[in-house]
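# Architecture at a glance
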Amino acid sequence: MARAEVAVAQAGKGAPGGNGPRARKVVASPAAWLVWGAVTIFFIGLAGVVGSVVVNSFGTRWFDTWLPQGWTNDWYGQAWDEFTLLPVLGVTLTVCLLVTAVSVLVGVPASYVLARRSFPGRRAVYLMFLLPILMPPITYGIPLATVLYKYGLAGHLSGVVLANLVPSIPFVILTMTPFIEQIDPAVERAARMCGARTAQIFLRILAPLLIPGILAASILVVVRTVGMFELTFLTAGPDSQTLVVALFYSMSASGIRAQQSVDAMAVIYTLMMLILLVVALRFVNPTQLVARVKEDVE
Amino acid sequence: MTVVPARVALRHRLADRGVDMQLLLLVPATLFIAALFIYPFCYGLGLSLQPAQGTVFSAYQQFFTDAYQRDTILTTLRIALPAALLNVVASVPIAYRMRGRFRGKRLLTTILVVPITLGTVLTAEGLLGFLGPTGWLNRTLIDARLIDQPLTLTHNYWGVFLSLVITGFPFAFLLVLSYLSGIDPSLERAAATLGAGWAPRFFRITLPLLAPGLATTFCLTFVLAFSVFPSAILVGDPSGSTRVISIAAYEAAYVRYDYAGASAAALIMGAVELVVIAVVLGLRSLLYTGTTSGGKG
């Protein structure tokens, strides 16, 4: 605890007059002020952006004043009815569940092979899985939507699910690889010596050990799918819109809807994402997604 | 009798090179990506080469001769490159300060992650409200007598740029923090023992070790910024200063129903984006790419 306080003092305070035992404190302090100043400005801007939406979603009339003239929570009820939010949420949930289930079922075995084996063409396969993540969704979304329309899949739930699988499967593969690398291959070899077949090794040995990783990957896929605008936008029909797309339509068709009810819906969307993210953070440490290192650095 | 040993031998030879039944586990994922990513791409390529009129390349020709279309490439780069660069560069000092443990670190990280949940529409509505002519920012600045006229920050370049910073910065920050905490602090401590101040320690030890991670972060942030589509419409000026290439591609496909032109625009967009990434990753390969966790010494 004492060490933690020293770290805060070094990072946060850094007053030039402080007669620190080391020269570093004095030299670093203007930079520290600058950095925390920039963070504060970012937070103030963020608070302003979020605050004005939240305030507007509860306000009655708000033109040229600091705050709205009155307060109401009618916009939420109105948003719920006007946007037929219940079916939209149903579609969002269905799409997320289907996308997550398929991408985990398909992605985990693939990431196992890529993490454990070396074979000719491995780099090419890896690149193939990397490309959908490195490309903006619109670039492959437009040809994909054209193909899906050709086969009559776009405009329905199936088209939306198929389109969202394109970035999700590679994402599961890349997220799962470090989890699989952490498992000692000796465990599998031991099971094989005892006569277990590949299917048994997968179901009885690897799956239980991989549950934390699978949970992490699926929650991240859900967060990404809820937020994935472009692919759903390009492939959805009127009855297969997810929440982001419905929101976009309601905002870009301005003048038809009251701005406050769009804001109310945006607040609902953000609350939903926030809950998902908090759940996700319980399973994954966001700073350890890339390099899995010990938390205790200092 | 002669066939069986030969087959076994082939199987063994393949297994020696790493090819055996287990690779079948790759098949479903490969099929999905081939059917949903590679086939559509090839289909789009074919489509872009079959315009309704003109020769094979006239969809591309049309794109590059029409200034209104061609300039979307520059517009996109003008928005995406500075936004991605700012997000990465600003993340480094903040992440550098947030290494190690201190009270409230988890809270601070969580607050920095929250913008990921905002979504484009809330960000757009918030920017329009907060930065608009009668928004809180302009009101504060006018009341403080810093400006006379409200600043125009929405429905132009700055609105889109700021929305990219709000959504992109937390993402870049998380990645940079993750790479940075992978660097063994004992390397810096060793330098400190030898009398190096913070500047040499940072610029000659941490930064070179961090550079490959920064390149990756830049690429991923750039992909996010490059595909700016909803915010360019909602907070930008979609027919003028923020008419990005994705808007051009979308309009070709869903407004003019010119699928050849749309595919051409989408492929040009992908090509431009991959060129930038290839340049960054090429520069990265010139840098040190070994372990960052320190040897046993």
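Look a little higher up for the structure.
Report follows, based on the coordinates. As a convention, each chain's residues are numbered from 1 in the sequence order in which they are written. Chains carry letters from A onward and ligands carry numbers from 1 onward, assigned in written order. Local features in a predicted model are, by the rule used here, given only for residues with pLDDT of at least 70; side-chain atom pairs are given and counted only at 80 or more, and totals for whole chains, interfaces and linings are based on all residues. Derived side-chain values reflect all non-hydrogen atoms in the structure, with water molecules and hydrogen atoms excluded from consideration.

### Details of the overall build of chain B
Put simply, DSSP marks the helices as runs of H or I at least four residues long and the strands as runs of E at least two long, and each gets a number from the N terminus on. Helix and strand counts for chain B come out as 13 helices and 0 strands. In chain B, the succession of α and β elements from N to C terminus is α-α-α-α-α-α-α-α-α-α-α-α-α. Here the C-alpha coordinates of chain B stretch approximately 95 × 70 × 30 Å along the principal axes. Whether a residue is buried, partly exposed or exposed follows from its accessible area with a 1.4 Å probe, protein chains only, as a fraction of its type maximum: under 20%, in between, or over 50%, in that order. Counting all 297 residues of chain B, 48% fall into the buried class. Contact definition: two residues touch when any of their heavy atoms are within 4.5 Å. Restricting to contacts in chain B with at least 6 residues of sequence separation, those with at least 24 account for 72%. Surface exposure here means Shrake-Rupley accessible area, sampled with a 1.4 Å probe, where a residue is shielded only by the protein chains that are shown. When the accessible surface of chain B is split by element, carbon and sulfur atoms take 68% of a total near 14300 Å². For chain B, the distance from the average site of its 21 positive side-chain charges to the average site of its 13 negative ones is 15 Å. For this count, His and the chain ends are skipped, Lys and Arg are scored as positive, and Asp and Glu as negative. A charged residue contributes its charge at one atom only: NZ of Lys, CZ of Arg, CG of Asp or CD of Glu.

### What about the overall build of chain A?
Along its length, chain A carries 12 helices and 0 strands. Reading the helices (α) and strands (β) of chain A from amino to carboxyl end gives α-α-α-α-α-α-α-α-α-α-α-α. Across the 298 residues of chain A, 51% fall into the buried class. Only carbon and sulfur atoms are counted for the fraction: they give 67% of the accessible area of chain A, which is about 14100 Å².

### Observations regarding the environment of Thr242(B)
Mapped onto the secondary structure, Thr242(B) falls in the loop between helix H11 (230-234) and helix H12 (245-254). What Thr242(B) contacts, discounting residues up to four positions off in sequence, is Thr75(B), Ile79(B), Asn156(B), Tyr157(B), Val160(B), Ala232(B), Gly236(B), Asp237(B) and Ile247(B).

### Let's talk about the nonpolar core
Judged by nonpolar contacts, the single largest core of 169 residues is most densely connected at Phe129(A), Ile142(A), Leu210(A), Met265(A), Leu26(B), Phe173(B) and Phe222(B). When residues of this core are assigned to their parent elements, the largest contribution, 14 residues, is made by helix H4 (residues 85-116) of chain A. Leave out the neighbours within four places in its chain, and Ile142(A) touches Leu234(A), Ala249(B), Tyr250(B), Ala253(B), Ala262(B) and Ala266(B). Here, nonpolar core means buried Ala, Val, Leu, Ile, Met, Phe, Trp, Tyr and Cys residues that are tied together by side-chain atoms lying within 4.5 Å of each other.

### Section: the packing of helix H11 (residues 243-252) of chain A against helix H12 (residues 259-283) of chain A
All names here are of chain A. A fitted line through C-alpha atoms represents every axis, and for helices the fit uses only the stretch in contact; the resulting angles, taken between N-to-C directions, go from 0 to 180 degrees. Viewed as axis vectors pointing N to C, H11 and H12 meet at an angle of 160 degrees, and their least axial separation amounts to 10 Å. Taken together, H11 and H12 sit at an angle that is classed as roughly antiparallel. As for how H11 packs across H12, the hand of that crossing is left-handed. Within the contact between the two elements, H11 uses Leu-243, Val-244, Ala-246, Leu-247, Ser-250 and Met-251 and H12 uses Val-262, Met-265, Ala-266, Tyr-269 and Met-272. Oblique is the label for every angle not falling under 35 degrees (roughly parallel), over 145 degrees (roughly antiparallel), or within 65 to 115 degrees (roughly perpendicular). Put simply, a crossing is left-handed when the front helix is turned counterclockwise from the back one by less than a right angle, and right-handed when it is turned clockwise.

### Brief notes about the packing of aromatic side chains
Only centres within 6.5 Å qualify two rings of Phe, Tyr or Trp (six-membered ring in Trp) as a pair; their planes then separate them into stacked at under 30 degrees, edge-to-face at over 60, and tilted for everything else. This model, assessed by the stated rule, comprises 26 aromatic pairs over all chains. Judged by centre distance (5.3 Å) and plane angle (40 degrees), the ring pair of Phe222(B) and Phe226(B) falls under tilted. In this pair, Phe222(B) and Phe226(B) are both assigned in helix H10 (residues 198-226), 4 residues apart and thus about one turn of the helix distant. Accessibility assignment for this pair places Phe222(B) and Phe226(B) in one class, buried. Aromatic ring contacts, followed pair by pair, group Phe229(A), Phe233(A), Phe248(A), Tyr249(A), Phe229(B), Tyr250(B) and Tyr254(B) into a single cluster. We call a charge positioned over a ring when the NZ of a Lys or the CZ of an Arg lies within 6 Å of the ring centre and within 35 degrees of the ring normal. Geometry around Tyr126(A) places Arg122(A) over its ring, the cationic atom sitting 6.0 Å from the centre. One Lys or Arg, Arg243(B), reaches over the ring of Tyr68(B) and ends 3.9 Å from the middle of that ring.

### A short note on the interface of chain B and chain A
With 93 residues of chain B at the interface, the matching set in chain A holds 103 residues. When two parts are put together, the accessible area they lose, computed with a 1.4 Å probe and summed over both, is reported as buried area. Taking both sides of the interface into account, the surface hidden between chain B and chain A amounts to around 8700 Å²; carbon and sulfur atoms contribute 77%. A carboxyl oxygen of Asp or Glu within 4 Å of a side-chain nitrogen of Lys or Arg is what we treat as a salt bridge. For the interface between chain B and chain A, the tally reads 0 salt bridges. Contacts described as polar in this section are N or O atom pairs within 3.5 Å, which, within protein, must combine one atom able to donate a hydrogen with one able to accept it, while residues neighboring in sequence count only if both atoms come from side chains. Linking chain B to chain A there are 5 residue pairs in polar contact (both at pLDDT 80 or more). When residues of the side of chain B that touches chain A are assigned to their parent elements, the largest contribution, 14 residues, is made by helix H2 (residues 27-48) of chain B. Any residue outside Ala, Val, Leu, Ile, Met, Phe, Trp, Tyr, Cys, Pro, Asp, Glu, Lys and Arg is labelled polar, Gly included; the first ten of those are nonpolar and the last four are charged. When its residues are assigned to classes, the side of chain B that touches chain A shows 61 nonpolar, 20 polar and 12 charged.

### Observations regarding the pattern of salt bridges
According to the stated counting rule, one finds 3 salt bridges over all chains in the structure shown. A salt bridge links Glu188(A) to Arg116(A), with the shortest nitrogen-to-oxygen separation between them at 2.3 Å. Residue Glu188(A) is located in helix H8 (residues 185-193), and its partner Arg116(A) is located in helix H4; the two are separated by 72 residues in the primary sequence. For Arg201(B), the salt bridge is made with Glu188(B), and the minimal N-O distance between the two is 3.4 Å. With Arg201(B) in helix H10 and Glu188(B) in helix H9 (residues 185-193), the pair connects residues that are 13 residues apart, well separated along the chain. Classification of Glu188(B) by relative accessible area gives buried; the value is 9%.

### Side note on a nonpolar patch on the surface
By definition, no residue in a patch forms a salt bridge, and every one has over 30% relative accessible area; like charges are joined within 9 Å, nonpolar side chains (Val, Leu, Ile, Met, Phe, Trp, Tyr) within 5 Å. A surface patch of nonpolar side chains, amounting to about 480 Å² of accessible area, comprises Val54(A), Phe58(A), Trp66(A), Leu67(A) and Trp71(A). On the basis of relative accessible area, Phe58(A) is assigned to the partly exposed category, the value being 32%.

### Here's the deal with helix H5 (residues 122-134) of chain A
To estimate how far a helix should reach, multiply one less than its number of residues by 1.5 Å. Over its 13 residues, H5(A) extends 18 Å from the first C-alpha to the last, a length consistent with the 18 Å expected when each residue adds 1.5 Å. Turning to H5(A), its buried residues are Val125(A), Met128(A), Phe129(A), Pro132(A), Ile133(A) and Leu134(A). Buried residues belonging to H5(A) abut H4, helix H6 (137-150) and helix H7 (157-181) of chain A together with H2, H10 and helix H13 (259-285) of chain B.

### Some thoughts on unusual backbone geometry
The bulk of non-glycine residues show a negative phi, and the bulk of peptide bonds are trans. Residue and element names in this part refer to chain B. In this structure, Arg-145 takes a positive phi of about 60 degrees despite not being glycine. Residue class for Arg-145 comes out exposed when judged on its relative accessible area of 75%. Positive phi values are uncommon outside glycine, yet His-155 reaches one of about 55 degrees. Structurally, His-155 can be placed in the loop between helix H7 (136-143) and helix H8 (157-180).

### Concerning the environment of Phe179(A)
By the element assignment, Phe179(A) lies in helix H7. Note on Phe179(A): relative accessible area 14%, which makes it buried.

Purely spatial values, then, with no claim about function.
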